[in-house]
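Letter by letter, the chains look like this.
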Amino acid sequence: MTSTPDFTLGIEEEYLLVDPDTGDLAPAPDAMMQACRDALGDSVTPEFLRCQIEVGTPVSADIAQGRVHLAHLRRTVARIAADYGLAPISASCHPFADWRDQFHTDKDRYHQLSRDMGAVSRRMLICGMHVHVGIESPALRIDLMNQMTYFLPHLLALSASSPFWQGSDTGLASYRTTVFGGMPRTGLPPQFSGWEEFERSVQALIGLGILEDSSKIWWDLRPSSKFPTLETRVCDASPRLDDTITLAALIQATTRMLWRLSRQNQRWRQYDPFLIAENRWRAARYGMTEGPIDFGAETIIPFGQAVEDWLALIAQDADALDSQPQVARTRDIVAEGGSAARQRAVLARAMAAGATRDEAFIELVRHLIAEFHHGLQPLPNRDKPGN
C-alpha cells in the first residue's frame, strides 16, 4: 500500500415519482424514461419499482464536482418529470403509499428478484443513497471496510428520512432499514481478515448457484462489484441536495482519515458487530434525538458531541480533500434535526391548522417535492455542466 488512493467520488440516489396534486405514487411513463436517458445517458436507470428512478454521477474528482454533477441530474429529472405531470421526491419511504399497489419494472433481473425473494422483495418500496470512494487496492478496501463500519450508525442517524409507512408514524427515524432488513445479505458487513477471505466467501455462494456475483450482496458497506471503490449504502435518501453532499463529503473524509492512520501504523479500533448493531438500531429508532454509545468511554453521548468528535478526527482530511465547508455543514443537519423531524413537524402543523389526516399527508408530500428543489439554482441553459 505505497500509493495514495485517489479518493474519487460517485454518488447514487433513488427517487420516487409522485403526482403533485394528490401526492400519490405514479409509475414512470416509458416516454419519460426515454427522455431521461436521452438527456442523461447511463447516469439514469429504472429501479425495481416502476414508480422509482435511479441516478448516478460520473466519477467526480472532488466533492465540488460531485455536487455539480448531482445538481444537474436532479434538475434534469425534475424538469422532464414535470413535462409528464409528475415530480420526484428523495425520501426513503413514501409517507402513505401502499406497497401492494405498486408494480416492479419489466426487466429480467427484477422478475428474477421477485421470484427469488417473494413478498420480501415486493414490499421494497424504499429508496437509498450510495456513495462510492475510489480505492484502487482490493486489500485496502477490505481493511478500510472493517474500520469504517464503526461510523455507519452515525451516517444513518444523520440521513434518516423515513419515519412514515403506509400512513402511520412508525416511531422510527429510518423505517427503511427494517424493510430492507428482510432481504438476505443486508445490514452491517462481516469482518474479514483480507480480500482473499472475502473472495472465498462470495465464491462459495456463487459456486452453489445462490449468487450470480457480488452485486447481490447488499451490506451497509461493501466493495463495489463493478468499480474499484468502497461503497457506503447505509444512508437513507436525502430530500435535500446539500445534505446528500454533506454525507458524501463525510464518507470521503472519514475514508481518508482511516487510510491516513494506516500510513502511521495505526488503525481505528474494531468493535464486535454486536455492539455496532446496537448503535445502528439506535440510529434507526431515534435518528439524532438520542446519541450513540461511546464504547471506549462506556457511556451514551449526545449526538452533537459525537459529531464534534468526528469532525475533529477528520479535519485535516477534509482540508486535504478541499471539502471543509461541506463537512462543516454536518453541524447544520444536527441543529435542524434532520429530515425525519422536519417531516413530523410538517404533518403536525398541517393538522394543527385544521387539515384532515389525509390532507396533512398530501401537504407532507408537497413539502418533500419542495425539499427536492432546495438548493437547486437553475442554470442559464439546459446544457450539461462542464467537468
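Keep in mind it's a predicted model, so treat the numbers as computed, not measured.

Here is what the cut-offs are and how they apply
Every chain's residues receive numbers from 1 upward, in the order its sequence appears when written. Totals for whole chains, interfaces and linings use all residues, but because this is a predicted model, local features are given only for residues with pLDDT of at least 70 and pairs of side-chain atoms are given and counted only at 80 or more. By convention in this description, side-chain values take in all heavy atoms of the structure and omit both hydrogens and water. The definition used for a disulfide is geometric: two cysteine sulfur atoms within 2.5 Å. For each residue, the accessible area found with a 1.4 Å probe, counting protein chains only, is set against the maximum for its type, and the residue is called buried under 20%, exposed over 50%, and partly exposed in between. What makes a salt bridge here is a side-chain nitrogen of Lys or Arg within 4 Å of a carboxyl oxygen of Asp or Glu, nothing more. Each helix corresponds to a stretch of at least 4 residues labelled H or I by DSSP, and each strand to a stretch of at least 2 residues labelled E; elements are numbered beginning at the N terminus. All axes here are fitted lines through C-alpha atoms, helices being fitted over the stretch that makes contact, and every angle between N-to-C directions spans 0 to 180 degrees. Here a crossing is taken to be left-handed if its near helix is turned anticlockwise relative to the far helix by less than a right angle, and right-handed if that turn runs clockwise. Residues are treated as being in contact if the distance between any of their heavy atoms lies within 4.5 Å. Think of it this way: a Phe, Tyr or Trp ring, Trp meaning its six-membered ring, pairs with another when their centres are within 6.5 Å, and the plane angle makes it stacked under 30 degrees, edge-to-face over 60, tilted otherwise. A ring is scored as having a charge over it whenever the NZ atom of a lysine or the CZ atom of an arginine sits within 6 Å of its centre and within 35 degrees of its normal. The pairing criterion is simple: DSSP has to find at least two bridges between the two strands.

Turning to the state of the cysteines, a few remarks are in order. A complete count under the given rule lists zero disulfides for this structure. A disulfide-free cysteine, Cys93 has its sulfur positioned 8.3 Å from the sulfur of Cys127, the nearest such atom. Residue Cys93 is classed as buried on the basis of its relative accessible area, which comes to 1%. Among the cysteines around Cys235, which has no disulfide bond, Cys127 carries the closest sulfur, lying 14 Å off.

Within the structure shown, the criterion is met by 20 salt bridges. Of the charged contacts, one joins Asp143 and Arg267 as a salt bridge, the two residues approaching to 2.9 Å between their closest N and O atoms. Linking Asp143 in helix α5 (residues 138-148) with Arg267 in the loop between α9 (241-263) and α10 (273-286), this pair joins segments that are 124 residues apart in sequence. Since its relative accessible area comes to 18%, Asp143 is described here as buried. Overall, Arg267 belongs to the partly exposed group, its relative accessible area being 41%. A salt bridge links Asp243 to Arg342; the shortest N-O distance between them is 3.8 Å.

Before going further, it helps to examine the packing of helix α2 (residues 63-83) against α9. The geometry of a pair of packed helices is captured by two quantities: the angle between their axes and the separation between those axes. Running from N to C, α2 and α9 point in directions that differ by 145 degrees, and their axes come no closer than 10 Å. Seen from above, α2 lies across α9 with right-handed handedness. On α9, the residues touching Ile63, Gly66, Arg67, Leu70, Ala71 and Arg74 of α2 are Leu241, Asp242, Thr244, Ile245, Ala248, Ala249 and Gln252.

Turning to the packing of aromatic side chains, a few remarks are in order. With the rule as written, the count across this model stands at 15 aromatic pairs. Relative to Tyr271, the ring of Tyr150 has its centre 5.7 Å away and its plane inclined at 35 degrees; by these criteria the two rings are tilted. Of this pair, Tyr150 sits in the loop between α5 and α6 (152-159) while Tyr271 sits in the loop between α9 and α10; the two residues are 121 residues apart in sequence, bridging distant segments of the chain. Judged on exposure class, the residue Tyr150 and its partner Tyr271 are both buried. Centroid distance Trp195 to Phe198: 5.2 Å. Interplanar angle 45 degrees. Geometry classified as tilted. With Trp195 and Phe198 both in helix α8 (residues 195-207), this residue pair falls three residues apart, about one helical turn. Neither Trp195 nor Phe198 differs from the other in exposure class; each is buried. Counting every residue linked through ring pairs, the aromatic cluster contains Tyr150, Phe151, Trp268, Tyr271, Phe295 and Trp310. Its guanidinium or amino end placed over the ring of Trp195, Arg141 lies 5.5 Å from that ring's centre, counting from NZ or CZ.

Let us now look at the environment of Leu73. For Leu73, the position within the fold is in helix α2. Along the sequence, Leu73 and Ala61 sit twelve residues apart, while their C-alpha atoms lie 17 Å from each other. If we ignore the near neighbours within four places in the chain, the residues touching Leu73 are Leu40, Ser43, Val55, Gly56 and Thr57.

Secondary-structure assignment places Pro189 in the loop between β8 (186-187) and α8. For the pair Pro189 and Trp218, spaced 29 residues apart in the sequence, the C-alpha separation amounts to 8.9 Å. The residues touching Pro189, leaving out its near neighbours within four places in the chain, are Met145, Thr149, Leu152, Trp219 and Leu221.

The subject of this paragraph is the pairing of strand β1 (residues 9-18). Here β1 lies mainly inside the structure; ten of its ten residues are buried. Alternating positions in β1 separate into two faces, Leu9, Ile11, Glu13, Tyr15 and Leu17 on one and Gly10, Glu12, Glu14, Leu16 and Val18 on the other, with burial throughout. Where β1 meets strand β5 (residues 129-134), five bridges bridge the pair, whose relative direction is antiparallel. Across the sheet, residue Gly10 finds its bridge partner in β5, namely His132. Of the strand pairs in this sheet, β1 and strand β4 (residues 87-89) are connected by three bridges, and their pairing is antiparallel. Paired with Leu17 across the strands is Pro88, a residue of β4.

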